[in-house]
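Structure assessment
Residues per chain are reported as follows:
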Amino acid sequence: MKRIETKRLVLEPVTVANAGALWRIMQMRLLREYQDVPRYSRDDFERRVAARPKRLDVRATGRFEWLVSIAATREPIGWISLRLGEQNRGTAEIGYSIVTGYRSGGYATEAAYALIDHAFEDTTLRKLDACCVPENLPSRRLLSRVGFVEMRTQHNGAIVRGKAVDIVIYEFAREAWEAARAVRSGSEREGDGTHGA
């Protein structure tokens, strides 16, 4: 796993060394509103982090997670993750959460773009999946904005705060990412004067 930097953010791989910072974020209010954030003791969480795979590779299974921090201050404001399961080789599920005070600032979108690029540039993953509850409109808008396509709604697809909830399932195929990247690259070249009349 590698450290990822964007204009405003640093995505630092979660290790035993920084697991405590992520554990503190996981205790904050409202993070469990739309997702099932596990409730582990700090020691148990650090043990789980230590047992995770260390190298992001399509043959690996497990959770790969990055602590999202403001680059200028190094203040942790959330996390973003990829989970690779044994059943769907070549596919990973992306997840993310930003603490309440930093929502609506575009940080989750910026982190998502960076992790999507990393996942497709540095691995042979064929597809990314994402899911969220239908009521989580900000997350649904984010997924559409960064390139995910809504596929279907799964009845009772997840447990949130002890209750079964429906989830909307999204997909982002490598081919769609490659096409979007080509458009972005073309726009950047036109914007810097290297193309055109």
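See the structure above.
Keep in mind that what you see is a predicted model, and the values were worked out from it rather than measured.

Topic: the side chain of Thr109
Mapped onto the elements, Thr109 comes out in helix H3 (residues 107-122). With a relative accessible area of 13%, Thr109 lands in the buried category. Apart from residues lying up to four places away in sequence, Thr109 is in contact with Leu142, Arg145 and Val146.

Describing unusual backbone geometry
If you check the backbone angles, Arg74 has positive phi at about 65° while not being a glycine. Mapping Arg74 onto the fold places it in the loop between strand S3 (62-70) and strand S4 (76-84). Even without glycine at this site, Asn156 takes up a positive phi of about 50°. Tracing the backbone through its elements, the reader meets Asn156 in strand S7 (residues 149-160). Classification of Asn156 as partly exposed rests on a relative accessible area of 40%.

Describing the pattern of salt bridges
Considering all chains together, one arrives at 15 salt bridges under this definition. The salt bridge partner of Arg63 is Glu65, with a shortest N-O separation of 3.1 Å. Taking the relative accessible area as the measure of exposure, Arg63 reaches 24% and is therefore partly exposed. Notably, a salt bridge pairs Lys127 with Glu171, separated by 3.3 Å at the nearest N-O pair. Taken together, the residues Lys127 in strand S6 (residues 127-132) and Glu171 in strand S8 (residues 163-173) connect sequence positions 44 residues apart. A residue is classified by how much of its surface remains accessible, and Glu171, at 22% relative accessible area, is partly exposed.

Overview of the pairing of S7
Across a regular strand the side chains alternate sides, sitting on one face of the sheet and then on the other. Bridge count for S7 against S8 is 8 bridges, and the pairing is antiparallel. Looking at the pairing, Glu150 lines up with Tyr170 of S8. Turn length for the S7-S8 hairpin, with the two strands adjacent in sequence and antiparallel, is 2 residues, and the turn residue Arg161 shows positive phi of about 50°.

Describing the sheet that holds strand S1 (residues 4-5)
On the basis of which strands lie adjacent, the open sheet formed by 8 strands has the order S1-S2-S3-S4-S5-S6-S8-S7 and mixed pairing. Two strands lie at the open edges of the sheet, namely S1 and S7, each paired on one side alone. Bridge analysis of strand S5 (residues 91-98) against S6 gives 3 bridges, and the strand direction is parallel. Each bridged residue has a counterpart across the sheet, and for Thr91 the counterpart in S6 is Lys127. Sheet strands touched by helix H1 (residues 19-26): S3 and S4. Its angle to S4, the strand with the most contacts, is close to 100°. Its contacts with the sheet place H3 against S1, strand S2 (9-13), S3, S4, S5, S6 and S8, and it is angled at close to 35° to S4.

Here is what the cut-offs are and how they apply
- Residues numbered from 1 in each chain as written.
- Predicted model: local features only at pLDDT ≥ 70, side-chain atom pairs only at ≥ 80, totals over all residues.
- Heavy atoms only, no water.
- Helix = DSSP H or I, 4+ residues; strand = E, 2+ residues; numbered from the N terminus.
- Buried < 20%, exposed > 50% of the residue type's maximum accessible area, 1.4 Å probe, protein only.
- Contact = heavy atoms within 4.5 Å.
- Salt bridge = Lys/Arg side-chain N within 4 Å of Asp/Glu carboxyl O.
- Pairing = 2+ DSSP bridges.
- Axes fitted to C-alpha atoms, helices over the stretch in contact; angles between N-to-C directions.

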